[in-house]
Every structure is written in structure tokens, then in C-alpha cells.
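Structure at a glance
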Amino acid sequence: MLRTLLLIGMGGFLGSISRFLVGQALHRIFDTVFPIGTMTVNIVGSFIIGVVYSLAERDNLISPEIRMFLAVGFCGGFTTFSSFAFDKLNLLKDSGFLYLSMYVGGSVFLGLLAVYLGTQIHKLF
């Protein structure tokens, strides 16, 4: 278990640094208020997690440890959106459009509400 946690931690460390560097580079290149860096890492992370899970399921082409390092660690540090995207795909395949809609709508709406409430918490003190 400790080995798995260390692999996830190392992957998360590398993913977080990669997210920062990609975001900074794209901001310098495109100089826009549009969050191109965030959107890019979300899309790239979603692609990476798809490849990782595909290779893990196909004749065990990658070990469970490498899957944890890449999918949970690196992609988790790079973007949590990749996990969100993978969960959406599984819901669509396994449970259909209703649960997918509930998950996406609830995550986006409640996430925005939570951020807003978090920005207002200072007013209570």
C-alpha cells in the first residue's frame, strides 16, 4: 500500500508541475483572458486517462502500479477534469443519459455554487 501511495504522490507531483508549466506557456503564447491553459490540460488529461485505462484493460499492457501512477497520480495532479470525463463516459455506457445528466449538471451547478459560497464565507466573520 505504501508503494502505491508513493507512486500516486510522485505522479501527482509531476502532474501538478506539468499543469503549471503548460498553463504558463500557453498564457505567454496566446496572451488572452480565455483560460486556454486550463482547457488544454483538461482535454490532454482526458486523452491520457483514456489511453491509460484502455491499455490497462487490453491484455494488461500496463501494470496496476503504472496505471495508478499515471491515471490517479499524474492525471489527478494534471487535471481532475480527466477523472470527471472518465466517470461521465462510464455513466453513459453503464447507466444512460439520465445519470450522466444528473452528474454533469450537479457537478457544474453545485461546483459553481460551492465556489460562490466559499467566496462569501468571509462575510460571516
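For the structure given in this document, a descriptive report is provided here. (Residues numbered from 1 in each chain as written. Predicted model: local features only at pLDDT ≥ 70, side-chain atom pairs only at ≥ 80, totals over all residues. Heavy atoms only, no water.)

Attention now moves to the nonpolar core. If you look at the biggest cluster of nonpolar residues, it comprises eleven residues: Val-41, Ile-49, Val-52, Tyr-53, Ala-56, Ile-62, Ala-71, Phe-74, Cys-75, Phe-78 and Phe-86. Of all the elements in the fold, those that place two or more residues in this core are α2 (36-57) and α3 (64-78). Among the elements that line this core, the one with the most residues is α2, at five residues. (Core = buried A, V, L, I, M, F, W, Y, C linked by side-chain atoms within 4.5 Å. Buried < 20%, exposed > 50% of the residue type's maximum accessible area, 1.4 Å probe, protein only. Helix = DSSP H or I, 4+ residues; strand = E, 2+ residues; numbered from the N terminus.)

Another point: the packing of aromatic side chains. Tallying each qualifying case throughout the model produces four aromatic pairs. Note on Phe-74 and Phe-78: the rings are 5.4 Å apart at their centroids and 20° apart in plane angle, and the pair reads as stacked. Taken as a pair, Phe-74 and Phe-78 lie in helix α3 at a separation of four residues, close to a single helical turn. Look at Phe-78 and you get buried, because its relative accessible area is 5%. Grouped by ring-pair contacts, the aromatic residues Phe-81, Phe-84 and Tyr-103 constitute a single cluster. (Phe/Tyr/Trp six-rings, centres within 6.5 Å; stacked < 30°, edge-to-face > 60°.)

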